[in-house]
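Given next are the chains, with one letter for each unit.
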Amino acid sequence: MIAVPSLWSTPNLLSFSRIIAAPILYALAVAGGRYGFLAGAVLFVAASITDTLDGQIARRRRLVSPLGIYLDTTSDKILVAVLLIALAVAHLAPGWMAAVIIAREILVTGLRSYAAALGIVIPAGGWGKAKTLITIVALFLVLLEGDARQGGLLSTHAAPGSLLVAPIGPFTVAVWGLLIAVVWTVGSGAEYIREAIPLLNKSQPVAGPISAADP
């Protein structure tokens, strides 16, 4: 007999922690302050680490479940979407960049749900696998830029503070990183749509496994 993982299993609690971290990140980024952005950067890194830990623990302890898969993917998207909105409100990230990334996440989530209803897995391609890491690094840099601008630990004329706030063309280094994340986000979304197009012609459910995760 196979044991059903508890709602309060360690992987699920780690996923829940990212949902809890989202409003705290929003408050830190919008309020700003002397060390608000730096505290947000630390919290964001810690939350991102839990994204790796929950999957590893679930597989090692055989605690993988549909609920765990749902919490894992949903908490990631909530964390990133809320932080993007906060950074746009704080005028550290262009609103259109936040909108593009969030819209892609909604679109892909819908396609994944449709594929799961048909019992079909759409594997993540190369663009999708790189997108998550690039987005995390870009958001981390934007938070550090906020710290440099608000009189925090990095508010100095010496590197790295000066490098973070110095414009390179129309954007700073951090926002250029976010633009690269946008490009990867659009590319991975297009790749996912291409793989999903054949599903749109299916009218009958097909037996198969439920998709595990989308990077």
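Residues numbered from 1 in each chain as written. Predicted model: local features only at pLDDT ≥ 70, side-chain atom pairs only at ≥ 80, totals over all residues. Heavy atoms only, no water.

1. Focus on the overall build of the chain
At step 1: Looking only at helices and strands, the chain has seven helices and two strands in total.
At step 2: Overall, the chain shows an N-to-C arrangement of helices and strands of α-α-α-α-α-α-β-β-α.
At step 3: When burial is assessed residue by residue, the chain has 41% of its 215 residues classed as buried.
At step 4: Within the chain, contacts between residues separated by at least 24 positions form 80% of all contacts whose residues are at least 6 apart in sequence.
At step 5: For the chain, the computed accessible surface area is about 11,100 Å², with 72% contributed by carbon and sulfur atoms. (Helix = DSSP H or I, 4+ residues; strand = E, 2+ residues; numbered from the N terminus. Buried < 20%, exposed > 50% of the residue type's maximum accessible area, 1.4 Å probe, protein only. Contact = heavy atoms within 4.5 Å. Areas by Shrake-Rupley, 256 points an atom, 1.4 Å probe, with all protein chains shown as cover.)

2. Section: the packing of aromatic side chains
At step 1: Enumeration over the complete set of coordinates arrives at one aromatic pair.
At step 2: Centroid distance F171 to W176: 5.2 Å. Interplanar angle 80°. Geometry classified as edge-to-face.
At step 3: Residue W176 is classed as partly exposed on the basis of its relative accessible area of 32%. (Phe/Tyr/Trp six-rings, centres within 6.5 Å; stacked < 30°, edge-to-face > 60°.)

3. Examining a nonpolar patch on the surface
At step 1: Side chains of L7, W8, L13, L67 and Y70 sit close together on the surface and give an oily, nonpolar patch of about 530 Å² of accessible area.
At step 2: Among the secondary structure elements, Y70 is positioned in helix α3 (residues 66-89). (Patch = residues over 30% accessible without salt bridge, like charges linked within 9 Å, V, L, I, M, F, W, Y side chains within 5 Å. Salt bridge = Lys/Arg side-chain N within 4 Å of Asp/Glu carboxyl O.)

4. Brief notes about unusual backbone geometry
At step 1: Although it is not a glycine, H91 sits at a positive phi angle of roughly 60°.
At step 2: With respect to the helices, strands and loops of the structure, H91 is situated in the loop between α3 and α4 (95-117).
At step 3: Relative accessible area serves as the criterion here: at 72%, H91 is assigned to the exposed category.

5. Description of the packing of helix α1 (residues 10-31) against helix α2 (residues 36-60)
At step 1: Where α1 meets α2, the closest approach of the two axes is 9 Å, and the angle between their N-to-C directions is 165°. With respect to each other, α1 and α2 are oriented roughly antiparallel. The two elements α1 and α2 meet at a crossing, and its hand is left-handed.
At step 2: Tallied by class, residues from the contact of α1 with α2 come to 15 nonpolar, six polar and three charged. (Axes fitted to C-alpha atoms, helices over the stretch in contact; angles between N-to-C directions. Parallel < 35°, antiparallel > 145°, perpendicular 65-115°, else oblique. Left-handed = near helix turned anticlockwise from the far one by under 90°. Nonpolar A, V, L, I, M, F, W, Y, C, P; charged D, E, K, R; others polar.)

6. Let's talk about the side chain of E105
At step 1: Residue position: E105 is located in helix α4.
At step 2: Residue E105 is classed as buried on the basis of its relative accessible area of 11%.
At step 3: Polar contacts involving the side chain of E105 include one to the side chain of R104, which spans 3.2 Å.
At step 4: For E105, the side chain forms a polar contact with the side chain of K131, separated by 3.0 Å.
At step 5: Sequence-distant contacts of E105, that is, excluding residues within four places in its chain, are made with K77 and K131. (Polar contact = N/O pair within 3.5 Å; in protein donor to acceptor, adjacent residues only side chain to side chain.)

7. Things to note about the pattern of salt bridges
At step 1: One pass over the structure, following the stated rule, counts six salt bridges.
At step 2: Across the pair K77 and E105 runs a salt bridge, and its minimum N-O distance is 3.1 Å. Here K77 is found in helix α3, whereas its partner E105 is found in helix α4, with 28 residues between them in sequence. For the pair K77 and E105, a shared accessibility class is recorded, and that class is buried.

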